[in-house]
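Residue strings, one per chain:
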Amino acid sequence: MAQAPALPGGFELPLEPRLPRIGSVDAVALEERAASLAKRSIKKDAKVWALQLAIRCTDLTTLEGADTPGKVAALCSKAIRPDPSDAHVPSVAAVCVYPNLVPVAVDRLRGTGIHVASVATGFPSGQYPTDIKIADARRAVEAGADEIDMVIDRGAFLSGRYAKVYDEIVKVKEAVGDAHLKVILETGELGTYDNVRRASLLAMAAGADFIKTSTGKVNPAATLPVALCMLEAIRDVHEETGRLVGFKPAGGVRAAKQAIQHLVLVNETVGPDWLTPELYRIGASSLLNDILMQLRKEKTGAYQSPDYFTLD
Amino acid sequence: MTRLPVKKTYKLFVGGEFPRSESGRTYEAEGQNVARASRKDVRDAVKAARAAQPKWAGATAYNRGQVLYRLAEMVEARAGEFAELSTGREEVERAIDRGSSNPVAGPYFNFTVPEPTGVVAVLAPEEPPLLGLVSRLIPPVVGGNSVVAVASETRPLAAIELAEAVATSDVPGGVINILTGYRRELGPVLASHMDVNALDLAGADGDSPELERLAAENVKRVVHGRADVQSPWEIASFLELKTVWHPIGQ
Amino acid sequence: MTELDKKQIGVPVPADWAYARLQERYGHFVGGDWLEPAETYTTISPATEEPLAEVGQATPEEVDRAVAAARAAFENGWSGLAASERAKYLFRIARILQERAREFAVLESLNGGKPIKESRDVDLPLAAAHFFYYAGWADKLEYAFPNRRPHPIGVAGQIIPWNFPLLMLAWKIAPALAAGNTVVLKPAETTPLTALLFADVLRQAELPAGVVNLLTGDGRTGAALVEHPGVDKIAFTGSTEVGKAIQRQLAGSGKRLTLELGGKAANIVFDDAALDQAVEGIVNGIYFNQGHVCCAGSRLFVQESIYEPLVEKLRRRLETLRVGDPLDKNTDVGAINSAQQLAKIRELVASGEEEGAQIYQPPCRLPEKGYWFVPTVFTEVAQSYRIAQEEIFGPVLSVLTFRTPEEALEKANNTPYGLSAGVWTEKGSRILWMAQRLRAGVVWANTFNRFDPTSPFGGYKESGFGREGGLHGLEPYLRFDE
């Protein structure tokens, strides 16, 4: 098993030709850049295109203790036809649930092309023994999930045991086989953008297919500066290695306007190649209805009421 | 039998040494033959001043204050009139007060500090010969500048005496340079010298407009100093203000 | 061109032109009234070359009338007015500028060519902030300058440039009025309109007649103002060449003078810098306002060990810059201010290519009419090339390399200018070491092109003397009994 050296030392990891320098991040300048990108004005055709893309990239999510087969079934229906009155509205990318509910989602989504994602590895805290976390992920795949959203061990990361974080990602990646692995950094617990960048590089080095901001259980979650910081790390890995790693902001993205801001960030940081569900997802639940309202407003010209959009 | 005094040779003070004018010229003033500096002496003096300036500016204000107080002691031993020098340390600290931290509207730490302008040329007033020179010489030196001063043309001897005191003090060679000679000849050379940063025209009299015009060629700071003004604010004329920004973030 | 951008083509996002209520013809604002000008010229939009209005070319007689009006206002009330009352006028001006910010921003972009994003987010908020800031000091001068007994000087003649027309007006007028002076101000020849609109702000603020007088015109008007015996103080922002001419012109006059002139700032990036933010700082440093910025970071010094990745990141970032219609809210780089400035930029860029520097310009479609220049990076630049020595005042960056801090410092200071500098490193002690030794009036560490009314701004050496902003910015407008 590959062993990661402690950061921020050499960081000579098994990626060819080499990883980008870890470097550091200036918080003020990062936040200013994110704020300036958020001011981009996107109108009309471009806005409709962006909103439809946002739907196609959505991981429609329910992660509650109170989740039941009924709740998940309803969510799956929404995922397939978000707006039954408008044929132009596409399906979402995936439905994201706890492992116990994976079979329900698999059953409901069979043949639709919509992926089933499951959180795993002791979500949301990650504070469980490694073998349990691996088993958790493996079981979710066996139940039919083709995407796994794992959490990193923030306790290990913050105490400087980077190798443990790295090893766990490598082992989970092995355990889930062909399933797509999204690695959740839980940036709200990492404290600094320097740590967000380190964790992003670490996760990508360990084999993550996607890096994801948050569990949705901690605030702040997918803020624009955090997204920018992670996208810059993704871009650097691509520049150095040619590898395309996906990005998933999750948590806190509730309004269509925010979703567009996130897309602008992607477009201007990593480029349009990333504007596809293969490389970009938005983890959300309430966002979808706001996008639907905006789309109908663009179509009809009239501002909308939530009464006309189903709560699922 | 009366003893025949040893006659003193009055020379220039450049780079901590006492050279004759490279031109070999002298002129008679106060009954003595005094070196009559040339263009090339100005050149050499500015060069010495430039070379000495960074280290002098880099000395702590505390150190500069002590060095100048020591100069005052040297002068005190020589003549009562020299006592005007004794405010060194306080003036340094007052000058430092011109700095500030500025409450900008944003996540930045922002502060302003005074720094010496560089090489200052001083045309000392004709009268009073010593006090006038000292009043115009010390403020820029306190602020960390080096100085090339042209002494009173008609009464240059006190300036040479002062130079001798400076030479025996701890003021580094080149920080204070004193030329004697004709103001009309030396003024334009200093005013047009591209490596001089500021010009005190205290003793320029009617030549001011022409010297000011020449000074514009490298945007010199031009000061019309007065012989009788003794104020710490005089230092400010020979200071630049530098403002530094840095973000405040985690 | 990306998918998201493509979808926007044909759907520009213009700010509303209707906000800019243009008159066909403007006079001079003298003694609280409009003075019908003896001569006029046409001011245009540099983005389209369309004429916008006829404005006055002030003659020496008109300058004389303006100075007389300012003198009368100074003697007959303004200098004797309770300081707290002066403060209230300044607060009114600040507030009205905020209320009418949109109108001013549109007009600024229309007449000057700068992106509306910048006039909206930088010029206008800062202009209002300057008036607020100095309004606060107006009745606290005794406190600001203890034991120095401050007094106003009299009539200030102020000449400002075309790169930040309204902001420079605010930098000049706010401290002058706060200190109790009256003003005759001349905006730049190519950008008179926001200054003329400012006269309407003064009307709304009910500022006493003659306290602020505004004359439009070219360098001849400026020279007449500098020369006028009734002016006690000249404040000039502009080129070093003109600054020197003014200093010469004033020789022997006894008038007070402050100069804020050109620059050729070094922006120094060390190998441990936060690179992505440094790239943003570099881009902001040189492409902000089309590089029409005296403190622009026009010389980039990169430590050799990170030269390649940095230049690659920079190149990539340049591809995302949007050049075009200043009134489009998404525009990053607008129009060059004038045909004359464009010619100067072209000439210097041609010299860079001839001397052997490597030019890079991102693919970019420019409008057919108007004055435009693609954001440009020169690599393999030697210190001796003209593009590394002369102020270009356009969107053109020269990249040089260094090996050690000492070398970076030497090269950075190796210029007759000394306005600003940038340092990028994560090492605190090195920032302070560099900041202490850089011969420049403003040092931005891990940031660039930040401005604030509380922060003094101004140059060393041939970049001028005197400071604007902060308490230090009041001193040039005061005399002290000490």
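How each quantity is defined
- Sequence order as written defines the numbering, with residues in each chain counted from 1.
- All chains are assigned letters beginning at A, and all ligands numbers beginning at 1, according to the order in which they are written.
- Local features are withheld for residues below a pLDDT of 70 in this predicted model, meaning they are given only at 70 or higher, and side-chain atom pairs are given and counted only at 80 or more; totals for whole chains, interfaces and linings count all residues.
- The side-chain figures draw on all heavy atoms in the structure; neither hydrogens nor water molecules are used.
- Residue contacts follow a heavy-atom distance rule, with two residues in contact if any of their heavy atoms lie within 4.5 Å.
- Note on definitions: buried area is the accessible-area loss of two parts on being combined, 1.4 Å probe, summed for both.
- The rule for a salt bridge is simple: a side-chain nitrogen of Lys or Arg has to be within 4 Å of a carboxyl oxygen of Asp or Glu.
- Think of it in three bands: residues with accessible area under 20% of the maximum for their type are buried, residues over 50% are exposed, and the middle band is partly exposed, with areas taken using a 1.4 Å probe on protein chains only.
- Strands are runs of DSSP state E lasting at least 2 residues, helices are runs of H or I lasting at least 4, and numbering of each runs from the N terminus.
- As used here, the arc belongs to the directions running from the helix axis to the C-beta atoms.
- Buried Ala, Val, Leu, Ile, Met, Phe, Trp, Tyr and Cys residues that are joined via side-chain atoms within 4.5 Å together make up what is termed a nonpolar core.
- Ring pairs are drawn from Phe, Tyr and Trp, using the six-membered ring of Trp, whenever the two centres fall within 6.5 Å, and their geometry is named by plane angle: stacked under 30 degrees, edge-to-face over 60, tilted for the rest.
- Two thresholds decide whether a charge sits over a ring: the Lys NZ or Arg CZ must be within 6 Å of the ring centre and within 35 degrees of the ring normal.

Let's shift gears to the interface of chain B and chain C. The interface is formed by 37 residues belonging to chain B together with 40 residues belonging to chain C. Interface area, chain B with chain C, both sides summed: about 3,000 Å², of which 52% is carbon and sulfur. If you sort the residues of chain B by the area they bury against chain C, Val219, Lys242 and Trp245 of chain B come out on top, with a joint share of 22%. Counting across the interface, chain B meets chain C through four salt bridges.

When helix H16 (residues 428-437) of chain C is considered as a whole, its buried residues turn out to be Arg430, Ile431, Met434 and Ala435 of chain C. Seen from one end, H16 of chain C has its buried residues packed into an arc of 130°, which puts them on one side. In H16 of chain C, the exposed residues that point more than 90 degrees away from the buried face are Leu432 and Gln436 of chain C. Summarising the contacts, the buried residues of H16 of chain C are in contact with strand E4 (108-116) and strand E10 (239-247) of chain B together with strand E11 (266-269), helix H15 (405-413), strand E16 (420-424) and strand E17 (442-445) of chain C.

It is worth spelling out the pattern of salt bridges at this point. Counting across every chain of the model gives 73 salt bridges over all chains. The residue lysine 212 of chain A makes a salt bridge to aspartate 149 of chain A at a minimum N-O spacing of 2.7 Å. Of this pair, lysine 212 of chain A sits in strand E6 (residues 210-212) while aspartate 149 of chain A sits in strand E4 (residues 147-151); the two residues are 63 residues apart in sequence, bridging distant segments of the chain. For the pair lysine 212 of chain A and aspartate 149 of chain A, a shared accessibility class is recorded, and that class is buried. A salt bridge links arginine 322 of chain C to glutamate 268 of chain A; its shortest N-O distance comes to 2.7 Å. Taken together, the residues arginine 322 of chain C in the loop between helix H12 (307-319) and helix H13 (339-355) and glutamate 268 of chain A in helix H10 (residues 256-269) connect one chain to another.

This part covers the nonpolar core. If you look at the biggest cluster of nonpolar residues, it comprises 117 residues, and the most contacted ones within it are Leu97, Phe131, Leu169, Phe198 and Val269 of chain C. The element best represented in this core is helix H5 (residues 116-138) of chain C, accounting for 12 residues. Counting 101 residues, the second largest nonpolar core, distinct from the first, contains Met150, Leu185, Ala227 and Leu279 of chain A.

How two aromatic rings sit relative to each other is set out by the distance from centre to centre and by the angle between their planes. All names here are of chain C. This structure, assessed with the given rule, holds 22 aromatic pairs over all chains. Geometrically, the ring pair formed by tryptophan 137 and tyrosine 143 is stacked, given 6.3 Å between the ring centres and 20° between the ring planes. For tyrosine 143, a relative accessible area of 65% gives the class exposed. Chaining the aromatic ring pairs together yields one cluster made of Trp171, Trp444, Phe448, Phe451 and Phe457. Taking the ring centre of tyrosine 477 as reference, the NZ or CZ of lysine 233 above it sits at 5.1 Å. For arginine 315, the ring lying beneath its charged end belongs to tyrosine 360, and the centroid distance is 4.8 Å.

All we've got here are geometric facts, nothing functional implied.
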